[in-house]
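Single-letter residue listing:
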Amino acid sequence: MSMANTATAPLLAASQEAPPPAKEPSIDDVIEMYIGATGVLQLLKAVFVAFAWAFDSQQAFISAFTDAELRWHCLTAASTGNASCSPPAASPCDLPPGSWAWDWPAGASVVSEWALNCAGPALVSLPASSFFAGCLAGGFLLTTLADSLLGRKKMLLVSLASTSIPGVLTVFAPNIWAYAALRLVSGFFRSMVGTCTLVLYTELVGKRWRNMVNVAGFFCFAVWFLSLPALGYAFRDASWRNLYFWTSVPCLCYSVLVYFLVQESPRWLLVRGRKQDAMEALRQIMSLNGSCATATSFSMLDACVVHEDNAGASGGGGVFATLQAMSGRQWALRRLAAIMAASFGVGMVYLGMPLNVGSLGSNLYLSVTYNALAELPSAVVAWLLIRMANRRGLVIALTAAAGACSLACAAIPQGAAAARTAAEVVSFFAACTAFDVMLVYFTELFPTSVRNSAVGLVRQALVLGGVAAPVLAALGRERSFWSFGMFGVAIGCSGLFVACLPETRGKSMSDTMAEEEERNDGAVAW
């Protein structure tokens with residue numbers, strides 16, 4: 001009997017052991033439980049946030065009109081007493097003063113108002129390059145503020161207001177140097193508008209609706225890009241300063257509405273350990289869906305409030321804590337390097353093509369309109385492709401197509417303006433679609449604690465391509481290879497770096513660096 005008890009004792013003890021503890025829910029799981037059933041009002045609020053992309057697009061491409069080199073014509077000998085001007089002249093710089101005139105009023109462009117057409121490509125491209133250089137500097141210096149100190153909403157407000165104020169002051173710029181300086185400041189703060197907008201509206205809705213609000217953001221970007229040629233044509237007989245006024249003042253008004261109508265991301269608040277603020281944000285969002293939330297209904301938040309020292313989630317890591325969290329992990333650095341390389345090539349085509357349409361030989365307003373129209377279907381096509389195919393393969397295929405069409409545009413003779421315009425529009429369309437897919441893809445590659453910083457750095461690589469694009473566009477007015485040819489080589493080669501990244505389709509987003517590593521079995525892989 002005692003032997004029987006001895007033999008069965010371990011079995012009884014084993015059977016009475018407590019089951020393994022259940023895995024604590026992640027922030028993604030808890031947030032999905034509270035706001036996953038996105039209602040109409042909640043969705044409209046996310047779309048309202050996405051509208052910030054409208055002002056982002058206007059500032060990015062406004063130089064296509066304000067800095068355009070206008071067409072010119074020879075004056076008749078009877079009116080000038082000088083018959084030395086002839087239409088075959090390649091440039092008015094080779095003609096005597098008074099023998100030619102601009103087709104539009106001189107104040108329609110900074111190039112004509114300040115006589116920059118003979119100053120060389122460096123000075124002509126200075127304002128646009130200054131803007132993108134400001135975007136580059138601002139991205140590196142401001143990118144972690146939305147993850148650490150300010151949060152998504154406050155950073156968006158600062159960016160919108162600080163972008164539009166220099167835009168209004170640009171109206172009073174007395175010379176090219178003041179103009180370029182104001183563009184630099186505007187670009188510095190504009191650098192975070194797109195990033196904060198993208199991250200904020202994707203964190204305000206459930207998983208089911210993320211792709212839809214992404215499309216809404218891309219659509220707002222495209223529609224307001226389309227408004228630029230309309231504004232440019234409306235003010236073609238007036239000063240270029242009108243464009244800056246009527247694109248900057250509405251942005252200031254919009255930022256005031258964001259302050260009163262938009263909540264901070266509850267996901268970010270939980271990552272920062274601010275439970276009470278997260279409860280208030282969730283309560284406001286849930287009330288949009290007709291849900292009545294009480295303090296007891298937020299009991300699950302206790303299990304998922306994160307304190308991640310390496311990511312600055314506890315609040316003591318400082319502004320650059322998120323960068324420190326990534327720098328200590330090889331997989332994060334490798335992902336960042338690959339996507340930044342890909343973004344550089346896409347940025348060169350995406351930001352450079354609209355600035356270069358003046359060299360196609362076709363009407364400037366129509367050419368920019370064609371590019372803006374290409375953005376509209378690209379947003380829908382990107383949304384459909386994301387639902388049907390892997391992100392990684394899409395980016396590679398789209399960048400290859402954009403590169404091939406850009407090279408074709410360089411190879412087509414100057415006289416075939418229609419064919420060159422068609423190749424340019426297709427290249428721009430492919431680059432737009434690649435950009436839209438990449439933004440969705442890259443938000444899924446990094447966890448919440450560093451997502452805004454990582455996406456911000458990726459956008460800065462895209463902007464770096466934009467810094468080089470105006471110079472190449474100015475050089476390409478003489479020889480197309482320096483613009484369209486270089487654009488094609490850059491985007492085609494850089495897109496291949498995406499082949500090294502992991503696929504994210506169908507996977508939920510992580511909230512901390514540790515969670516991301518756990519999902520990848522702790523490996524320091526791509």
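Residues numbered from 1 in each chain as written. Predicted model: local features only at pLDDT ≥ 70, side-chain atom pairs only at ≥ 80, totals over all residues. Heavy atoms only, no water.

An unreviewed UniProt entry lists the protein under the name H(+)/Pi cotransporter, with Panicum miliaceum as the source organism. Under the Sequence similarities (unreviewed entry) heading, UniProt states for the protein: "Belongs to the major facilitator superfamily. Phosphate:H(+) symporter (TC 2.A.1.9) family." Its UniProt record gives the protein a comment under Subcellular location (unreviewed entry), which states: "Membrane". (UniProt positions renumbered as here; feature names shortened; annotations may be inferred.)

**Some words on the overall build of the protein**
A count of helical and extended segments in the protein gives 24 helices and 2 strands. Within the protein, the proportion of its 526 residues that are buried is 54%. For the protein, the proportion of contacts with a sequence separation of at least 24, taken over those separated by at least 6, is 84%. Surface accessibility of the protein: about 20,700 Å² in total, with carbon and sulfur atoms responsible for 67%. (Helix = DSSP H or I, 4+ residues; strand = E, 2+ residues; numbered from the N terminus. Buried < 20%, exposed > 50% of the residue type's maximum accessible area, 1.4 Å probe, protein only. Contact = heavy atoms within 4.5 Å. Areas by Shrake-Rupley, 256 points an atom, 1.4 Å probe, with all protein chains shown as cover.)

**Points about the packing of helix α10 (residues 151-169) against helix α11 (residues 176-190)**
Packing of α10 against α11 leaves a shortest axis separation of 8 Å and a crossing angle of 165 degrees. With respect to α11, the axis of α10 lies roughly antiparallel. By crossing handedness, the relation of α10 to α11 is classed as left-handed. Within the contact between the two elements, α10 uses Ser159, Ser162, Thr163, Pro166 and Leu169 and α11 uses Leu182, Val185, Ser186, Phe189 and Arg190. Of the residues in the contact of α10 with α11, the class split is 5 nonpolar, 4 polar and 1 charged. (Axes fitted to C-alpha atoms, helices over the stretch in contact; angles between N-to-C directions. Parallel < 35°, antiparallel > 145°, perpendicular 65-115°, else oblique. Left-handed = near helix turned anticlockwise from the far one by under 90°. Nonpolar A, V, L, I, M, F, W, Y, C, P; charged D, E, K, R; others polar.)

**Focus: the pattern of salt bridges**
In the structure shown here, the tally under the stated rule is 6 salt bridges. In this structure, the salt-bridge partner of Asp277 is Arg274, at a minimum N-O distance of 2.9 Å. According to the relative accessible area criterion, Arg274 is partly exposed, its value standing at 35%. Close ionic contact of Glu280 with Arg283 constitutes a salt bridge, the shortest N to O distance being 3.0 Å. Taken together, the positions of Glu280 and Arg283, both in helix α16 (residues 275-288) and 3 residues apart, correspond to about one turn of that helix. Residue class for Arg283 comes out partly exposed when judged on its relative accessible area of 27%. (Salt bridge = Lys/Arg side-chain N within 4 Å of Asp/Glu carboxyl O.)

**Observations concerning α16**
The terminal C-alpha atoms of α16 lie 20 Å apart, and with 14 residues this matches the ideal 20 Å at 1.5 Å per residue to within 8%. When we look at burial in α16, the residues that qualify are Ala278, Met279, Ala281, Leu282, Ile285 and Met286. Buried residues of α16, viewed axially, fall in a sector of 165 degrees; they line one side. (Expected span 1.5 Å × (residues − 1). Arc of directions from axis to C-beta.)

**What to know about the nonpolar core**
Counting residues in each nonpolar core, the largest one holds 128 residues, and the members touching the most others are Leu156, Met326, Tyr350 and Phe446. Taken domain by domain, the makeup of this core includes at least three residues from each of domain 1 (26-70 + 101-304) and domain 2 (317-525). Not counting the four nearest positions on each side in its chain, Met326 is found in contact with Ala332, Leu333, Leu336, Phe446, Val450, Ala454, Leu457 and Met513. Formed by 5 residues, the second largest nonpolar core is a distinct cluster that contains Leu70, Leu95, Trp100 and Ala108. (Core = buried A, V, L, I, M, F, W, Y, C linked by side-chain atoms within 4.5 Å. Domains from an automatic or database assignment.)

**Here's the deal with the environment of Ser164**
Note that Ser164 resides in helix α10. Judged by its relative accessible area of 2%, Ser164 is buried.

**Regarding unusual backbone geometry**
Its identity is not glycine, yet Ala115 carries a phi of approximately 50 degrees, on the positive side. Its place among the elements puts Ala115 in the loop between α7 (110-113) and α8 (121-124).

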